[in-house]
Amino acid sequence: MRDATSMCYDYFCTVGGGLEHFCSKELLRFGLTNVSEVSEGKVFFSSSLPVHKLLSLRIPERLFLLVHKEPQFLISHPMRKAILMLRDVIERDSCSKLDCSLKKWRDFPCSSKCTNLDELSFRVSCKSYGEIKRVFPPAFLGKIIAGSLLNIRQTWSTDLRNPLLEVLVHAKYDTLIVGLACCPMNFPLSKRPYLPSTMSSTFLRPTVCSALIDCGLSTYKKLPQEKKGLEMINSPTLNKQHLVILDPMCGSGMILAEAVSILKDKNITLLGSDIDRLQVEIASRNILNVENHSKQKKVSDELSPCKQCVSNLFVSDARALPLKDNSVDVIISDVPFGLKHYSYPWKKESSYLESTKYTSEANECQQFEPVHCYQLESNVIPLHAGGNEVQDIAPKPFIKLDATVEKDAKGTSPKPESVTQIKDASEEVSHPSKRRKLEDKNNHFMGVDSTKNMLPNLVKELDRVLKSGGQSVLLVSENLKIDLLSAVNKVTKPDNPSRTPDCSSKIIKSIINDEATVAIEEVVITNYDESNSKVSTKSQYEWVPIEQHPVKLGMLDAVICVFGKQCVNE
Amino acid sequence: MKLLTHNMLTSKCLKGVNVGYPLGILAKDVKVSEVDFNPEFVSRIIPKLDWNVLWNAADSIGHSGELPKAVISDYENNQEFLKKAHHVLMEVEVINGELICPESGRKFPISDGIPNMLLNEDEV
């Protein structure tokens, strides 16, 4: 019985929307793990990995020991029967499984305060969805489960505030899941100890950052293909190379901070830039925290943590980067969504656009977009206040930091009044008020529009600094994806302008017809394919879309777009 | 701003500037702080650097010290050389000063170690 398999336990983790795939990849990379099922928001697996390894997972939100999982019976039976069956789940069926899971649970640090398994304080956290919710509201479900637990463990007590053990019950569509939390409620895996806890929800989630970095390295052309994504962290190839990674719109530097903590001992130079000096300062503080944190952790370790990335930060406009051509291996960035962070259009920008067909097409697009954005936004704000997977557009729950956070222009706005000189304090203060005025609902339209107009110039500049064979990972909001794709299409293939109107008009048509986004995506992608075969002029590099991963940021839909700068005439 | 960063910065984004490299440094405050030495990192980054630019930059702020004017052969195995390179690349930091475009003479301020490369709209 005591062989390797007996040490294998069943777990599941909860994952941010769209990141399930990244999570299972991460688990498989760790080895000793079988991923058994990936469903919306959850990944089920069995693993014999040691506890500290499991707790070092970067993509999941929370980790649970799986006690029970079975097809849904709650609504397929009469209420009375269903309740009896549910009680059976705890009291009979999974009793031995519960014992076994509890034993493993004691290995996790969150159980350290527990001295005796017989005197355990616990709480039951329940969620039920859809139809089940009507018959079994979460509170009711919780009562039944808690009652059953107290039946079999009479010495246990309930404690809603500070329980030692949290029992999770999810009744969703077709499955009922019972699990034991392996990390405290207020300290999920996704919480990074080096980040200020009160601020983290206004930033891009570190889990999403991890996924972005994974994408950035995954198909990096010069690395052996069998080593994909973060897997190649330990590959010898990387140690022989030196990669330059750039986040041209780093904001508060979440992507860079995550990169430092993942890639700390690697031969990597991180460059970060933002248009807003204050954001760059926040980023540099965040990155410094990460480095200090890893330093403390490794004090006894002979491996020296590097402190080399701290000041590779500068203030610049992502449309006019102060870097050499072909000097960056990987670009990873979070493009402003135009909701909270948006760009002040360059005067030149409008004329640049007007002179091309792209503009008129884009403008046509915009006739539809504002309505869409407005709805999106008004939906998002109230819901966001409670959610924790919030990104950029969170309302302003942190009053003190308000001014700072708001000011993040994500490297997109040339602010004429502050361009040349070092801004003095009074100028700094004058900004938030100006910005706040623009926060008016009406002006959000302008935000989205100006972000759209900025995209061609942005892509053009990124293309200039990106090495051929390099990779670019951009996180954009779902409704800006089409604009990004057509900007990439337009800008990185200047010799072939005939295709763009085609493409855009199809897109517009599909928007008019209110077709699913998937359909739009297909239109764009097929257009790329056709065009690839048509290009036959001089050898040139263009951005080829490699992957797209839709993700959820709170209530907002976004897409991770991965492009490779490849030679098309190879 | 470390000299490693300086080695990568240009003013090419300015209108009418073709190369914009290397940027001149006018340092007011220079700080030297200790950074862990990672020989691997230094030896991998050397091929990516413009050594002349690095040397001149270090010289212009008075920190070229004993740094050789050219990359020596077999530098990967020369700890002493790598340490010197490490010192100049990582430990010397310009806190306040200016970066100067070699072609147009446009100045970019460096304050608290962060260079500000923003341009006026008419300069783009």
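Worth saying up front: this structure is predicted, and the values here are computed from it rather than measured.

Observations concerning the overall build of chain B
For step 1, the next point in the chain: The helix and strand inventory of chain B stands at 4 helices and 4 strands.
For step 2, the next point in the chain: Along chain B, helices and strands appear, N-terminal first, in the series α-β-α-α-α-β-β-β.
For step 3, the next point in the chain: Taking 124 residues into account, the globule formula puts the C-alpha radius of gyration at 14 Å, and chain B, at 15 Å, falls close to it.
For step 4, the next point in the chain: Put simply, chain B has 124 residues, and 53% of those count as buried.

Overview of the overall build of chain A
For step 1, the next point in the chain: Of the regular secondary structure elements, chain A holds 18 helices and 15 strands.
For step 2, the next point in the chain: Considering only contacts in chain A between residues 6 or more positions apart, those separated by 24 or more positions represent 78%.
For step 3, the next point in the chain: Accessible surface, chain A as shown: approximately 23,200 Å² in total, 54% of it carbon and sulfur.

Focus on helix 7 (residues 206–218) of chain A
For step 1, the next point in the chain: The terminal C-alpha atoms of helix 7 of chain A, which comprises 13 residues, lie 18 Å apart, in line with the 18 Å expected from a rise of 1.5 Å per residue.
For step 2, the next point in the chain: The buried count for helix 7 of chain A comes to 13 of 13 residues, which makes it a mostly enclosed element.

Points about the pairing of strand 9 (residues 243–247) of chain A
Residues and elements named next belong to chain A.
For step 1, the next point in the chain: When you tally the buried positions in strand 9, you get 5 out of 5 residues, the bulk of the element.
For step 2, the next point in the chain: With 5 bridges joining them, strand 9 and strand 10 (residues 268–274) adopt parallel strand pairing. Bridge pairing in strand 10 places aspartate 247 opposite glycine 272.
For step 3, the next point in the chain: Bridge count between strand 9 and strand 12 (residues 328–334): 2 bridges; the pairing is parallel. When the sheet's bridge partners are listed, isoleucine 245 is paired in strand 12 with valine 330.

Brief notes about the side chain of serine 11 of chain B
For step 1, the next point in the chain: With respect to the element layout, serine 11 of chain B can be found in the loop between helix 1 (3–6) and strand 1 (24–32).
For step 2, the next point in the chain: Discounting chain neighbours no more than four positions away, the residues touching serine 11 of chain B are Val17, Gly20, Leu23, Cys101, Pro102 and Phe108 of chain B.

Topic: the side chain of serine 190 of chain A
Residue and element names in this part refer to chain A.
For step 1, the next point in the chain: By secondary structure assignment, the location of serine 190 is in the loop between strand 8 (175–181) and helix 7.
For step 2, the next point in the chain: Judged by relative accessible area, serine 190 falls into the buried class, the value being 4%.
For step 3, the next point in the chain: Once you skip the residues sitting within four places of it in the chain, serine 190 turns out to touch Pro60, Glu61, Arg205, Pro206 and Thr207.

Focus: the packing of aromatic side chains
All names here are of chain A.
For step 1, the next point in the chain: Counted under the stated rule, the structure contains 9 aromatic pairs over all chains.
For step 2, the next point in the chain: Each ring, one from tyrosine 11 and one from phenylalanine 108, has its centre 6.4 Å from the other, and the planes form 75 degrees; the classification is edge-to-face. Of this pair, tyrosine 11 sits in strand 1 (residues 9–14) while phenylalanine 108 sits in the loop between helix 4 (95–105) and strand 5 (121–128), placing them 97 residues apart in sequence.
For step 3, the next point in the chain: The buried category is assigned to phenylalanine 108, whose relative accessible area is 1%.
For step 4, the next point in the chain: Summarising the aromatic geometry, the rings of phenylalanine 12 and phenylalanine 44 are spaced 5.5 Å apart at their centres and angled 35 degrees between planes, so their arrangement reads as tilted. A residue pair is termed long-range when its members are at least 10 positions apart, and phenylalanine 12 in strand 1 and phenylalanine 44 in strand 3 (residues 42–47) qualify at 32 residues. Here phenylalanine 12 matches phenylalanine 44 in class, with each residue buried.

Quick look at unusual backbone geometry
Most peptide bonds are trans, and most residues other than glycine sit at a negative phi.
All names here are of chain B.
For step 1, the next point in the chain: Look at the link from tyrosine 21 to proline 22: it is a cis peptide, with omega at -5 degrees.
For step 2, the next point in the chain: Its location among the elements puts proline 22 in the loop between helix 1 and strand 1.
For step 3, the next point in the chain: The backbone phi angle of aspartate 74 is positive, close to 55 degrees, even though this residue is not glycine.
For step 4, the next point in the chain: Counting through the fold element by element, aspartate 74 comes out in the loop between helix 3 (51–60) and helix 4 (79–91).

Brief notes about the sheet that holds strand 4 (residues 114–115) of chain B
Sheets are built from strands that pair by backbone hydrogen bonding, the pairs being arranged parallel or antiparallel.
Residue and element names in this part refer to chain B.
For step 1, the next point in the chain: Here 4 strands make up an open sheet; going across it, the order is 1-2-3-4 and the pairing antiparallel. Because the sheet does not close on itself, it has two edges, and the strands there are strand 1 and strand 4.
For step 2, the next point in the chain: Pairing of strand 3 (residues 107–111) with strand 4 involves 2 bridges; the strand directions are antiparallel. When the sheet's bridge partners are listed, isoleucine 110 is paired in strand 4 with proline 115.
For step 3, the next point in the chain: Sitting on the sheet, helix 4 is in contact with strand 1 and strand 2 (92–100), with an inclination near 60 degrees to strand 2.

Side note on the nonpolar core
For step 1, the next point in the chain: Leu74, Leu475 and Ile560 of chain A are the most contacted members of the largest nonpolar core, which totals 96 residues.
For step 2, the next point in the chain: Not counting residues up to four positions away in its chain, the partners in contact with leucine 74 of chain A are Ala82, Leu86, Ile132, Phe136, Leu141, Ala171 and Leu176 of chain A.
For step 3, the next point in the chain: If you look at the next biggest cluster of nonpolar residues, it comprises 69 residues, including Ala320 and Val465 of chain A together with Trp51 and Tyr75 of chain B.

Some points on the sheet that holds strand 13 (residues 466–477) of chain A
Residue and element names in this part refer to chain A.
For step 1, the next point in the chain: What the 7 strands build is an open sheet, ordered 11-10-9-12-13-15-14; its pairing is mixed. Edge positions in the sheet fall to strand 11 (313–315) and strand 14 (541–553), since each of these pairs with one other strand and no more. Shown here is a sheet whose adjacent strand axes are inclined to one another by a mean of 15 degrees, direction ignored.
For step 2, the next point in the chain: The strands that helix 7 touches are strand 9, strand 12, strand 13, strand 14 and strand 15 (556–567); relative to strand 13, the one it contacts most, it runs at about 155 degrees.

A few points about the confidence of the model for chain A
The predicted coordinates should not be examined in detail at positions where pLDDT is low.
All names here are of chain A.
For step 1, the next point in the chain: Per-residue pLDDT for chain A has a mean of 71; in total, 62% of the residues score no lower than 70.
For step 2, the next point in the chain: Scored below 50 in pLDDT, residues 221–227 shows 15 contacts in the model against residues more than four places distant or in partner chains.
For step 3, the next point in the chain: Counting interchain partners and residues more than four positions distant, the pLDDT-below-50 stretch residues 299–306 has 12 contacts.

What to know about the packing of helix 7 of chain A against helix 9 (residues 254–262) of chain A
Residues and elements named next belong to chain A.
For step 1, the next point in the chain: At a closest axis distance of 9 Å, the pairing of helix 7 and helix 9 adopts a crossing angle of 70 degrees. Relative to helix 9, helix 7 is oriented roughly perpendicular. As for how helix 7 packs across helix 9, the hand of that crossing is right-handed. Contacts between helix 7 and helix 9 involve Pro206, Cys209, Ser210, Leu212 and Ile213 from the first element and Met254, Ile255, Glu258, Ala259 and Ile262 from the second.
For step 2, the next point in the chain: For the contact of helix 7 with helix 9, a count of residues per class yields 8 nonpolar, 1 polar and 1 charged.

Reading guide: rules and limits
Residues numbered from 1 in each chain as written. Chains lettered and ligands numbered in written order. Predicted model: local features only at pLDDT ≥ 70, side-chain atom pairs only at ≥ 80, totals over all residues. Heavy atoms only, no water. Helix = DSSP H or I, 4+ residues; strand = E, 2+ residues; numbered from the N terminus. Rg over C-alpha atoms; globule rule 2.2 N^0.38 Å. Buried < 20%, exposed > 50% of the residue type's maximum accessible area, 1.4 Å probe, protein only. Contact = heavy atoms within 4.5 Å. Areas by Shrake-Rupley, 256 points an atom, 1.4 Å probe, with all protein chains shown as cover. Expected span 1.5 Å × (residues − 1). Pairing = 2+ DSSP bridges. Phe/Tyr/Trp six-rings, centres within 6.5 Å; stacked < 30°, edge-to-face > 60°. Axes fitted to C-alpha atoms, helices over the stretch in contact; angles between N-to-C directions. Core = buried A, V, L, I, M, F, W, Y, C linked by side-chain atoms within 4.5 Å. pLDDT = per-residue confidence, 0-100. Parallel < 35°, antiparallel > 145°, perpendicular 65-115°, else oblique. Left-handed = near helix turned anticlockwise from the far one by under 90°. Nonpolar A, V, L, I, M, F, W, Y, C, P; charged D, E, K, R; others polar.

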